[in-house]
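Next come the chains, spelled out residue by residue.
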Amino acid sequence: MVQVVLPNDANPLGFILGGTVMHLVDIAGAITAARHTRSQVVTAAVDGLQFLHPIKIGDLIILKAHVTCVFTTSLEVEVDVFSEETLTGRRQLTSHAFLTFVAIGKDGARVQVPQLVIETDAERRICEEARLRRAERLRNRQT
C-alpha cells in the first residue's frame, strides 16, 4: 500500500499521527490475511509495534505485508512501514509490527486457514519465531 501523508494525517509537528500509522498497518495486514485465507478476517493481536522514525507531511508512506506463519484458524502477518521522500526517493524503515488475524466464515464462526508454502530455511525460521510469539500471547492470555 502506498499513500501520501497529508496535513489532516499529521500532528502539529508535521509528522504522521501514530494512530494513523496503526490504522494503515492494520488495513495492510488485513488485506494480506484476507488474500491468503480468501475469507473475512478480524484482528486478534498486534505484537512488537515500533515507531522507529517519523514520516513528514508530503512524504509517501509505504506498507509491505506478508504472511509469516499459519495456525489452525489464525495466521500472523508481518508489516513493515517505510517513508519515501517524494523529491529524492530516499526510503527509510519507520515502523514494524506483527499482527495476528482470525479467519471468519459467513456464519461468524472461525474457519480453517489454508497452509502456507514454506520452502527455505529462512522461511522456516520466521515461522518458528511466529510460533514462539503465539505461544507467549496464549500464555499471557491465560494469566
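These notes cover the structure that comes with them.

Okay, the state of the cysteines next. Following the criterion strictly, the structure yields 1 disulfide and no others. Here Cys69 connects covalently by a disulfide to Cys127, the sulfurs 2.0 Å from one another. Residue Cys69 is found in strand 3 (residues 60–70), and its partner Cys127 is found in helix 2 (residues 121–141); the two are separated by 58 residues along the sequence.

Let us now look at the pattern of salt bridges. Enumeration over the complete set of coordinates arrives at 9 salt bridges. Between Arg124 and Asp121 there is a salt bridge, and its shortest N-O distance comes to 3.0 Å. One end of the pair is Arg124 and the other is Asp121, both in helix 2 and 3 residues apart, which spans about a single turn. Residue classification places Arg124 among the partly exposed positions, given a relative accessible area of 42%. Taking relative accessible area as the criterion, Asp121 reaches 62% and is therefore assigned exposed.

Attention now goes to the nonpolar core. Judged by nonpolar contacts, the single largest core of 22 residues is most densely connected at Val25, Ile61, Leu63, Leu75 and Val79. Mapped by element, the contributors of at least two residues to this core are helix 1 (18–37), strand 3, strand 4 (74–84) and strand 5 (91–104). In terms of residue count, the dominant contributor to this core is helix 1 (5 residues). With residues up to four places along the chain from it excluded, the contact list for Leu75 reads Ala33, His36, Thr37, Val67, Cys69, Val70, Leu99, Thr100, Phe101 and Val113.

A word on the pairing of strand 5. The buried fraction of strand 5 amounts to 11 of the 14 residues, a majority that puts the element mostly inside the structure. Here strand 2 (residues 40–51) runs beside strand 5; their pairing, made up of 9 bridges, is antiparallel. Paired with Gln50 across the strands is His96, a residue of strand 5. Two strands pair when backbone bridges link them, and strand 4 and strand 5 are joined in this way by 11 bridges, in the antiparallel orientation.

Helix length check: helix 2, at 21 residues, gives a terminal C-alpha distance of 30 Å against a target of 30 Å (1.5 Å per residue), a fit within 8%. Among the structural elements, strand 2, strand 3, strand 4 and strand 5 are those in contact with the buried residues of helix 2.

On the surface, a cluster of positive charge is made up of Arg110, Arg131, Arg134 and Arg141. Looking at the secondary structure, you find Arg134 in helix 2. Here Arg134 falls in the partly exposed class, since its relative accessible area comes to 30%.

What counts and what doesn't
- Residues numbered from 1 in each chain as written.
- Predicted model: local features only at pLDDT ≥ 70, side-chain atom pairs only at ≥ 80, totals over all residues.
- Heavy atoms only, no water.
- Disulfide = S-S within 2.5 Å.
- Helix = DSSP H or I, 4+ residues; strand = E, 2+ residues; numbered from the N terminus.
- Salt bridge = Lys/Arg side-chain N within 4 Å of Asp/Glu carboxyl O.
- Buried < 20%, exposed > 50% of the residue type's maximum accessible area, 1.4 Å probe, protein only.
- Core = buried A, V, L, I, M, F, W, Y, C linked by side-chain atoms within 4.5 Å.
- Contact = heavy atoms within 4.5 Å.
- Pairing = 2+ DSSP bridges.
- Expected span 1.5 Å × (residues − 1).
- Patch = residues over 30% accessible without salt bridge, like charges linked within 9 Å, V, L, I, M, F, W, Y side chains within 5 Å.
- Areas by Shrake-Rupley, 256 points an atom, 1.4 Å probe, with all protein chains shown as cover.
- Lys, Arg positive; Asp, Glu negative; His and termini not counted.
- Charge placed at Lys NZ, Arg CZ, Asp CG, Glu CD.

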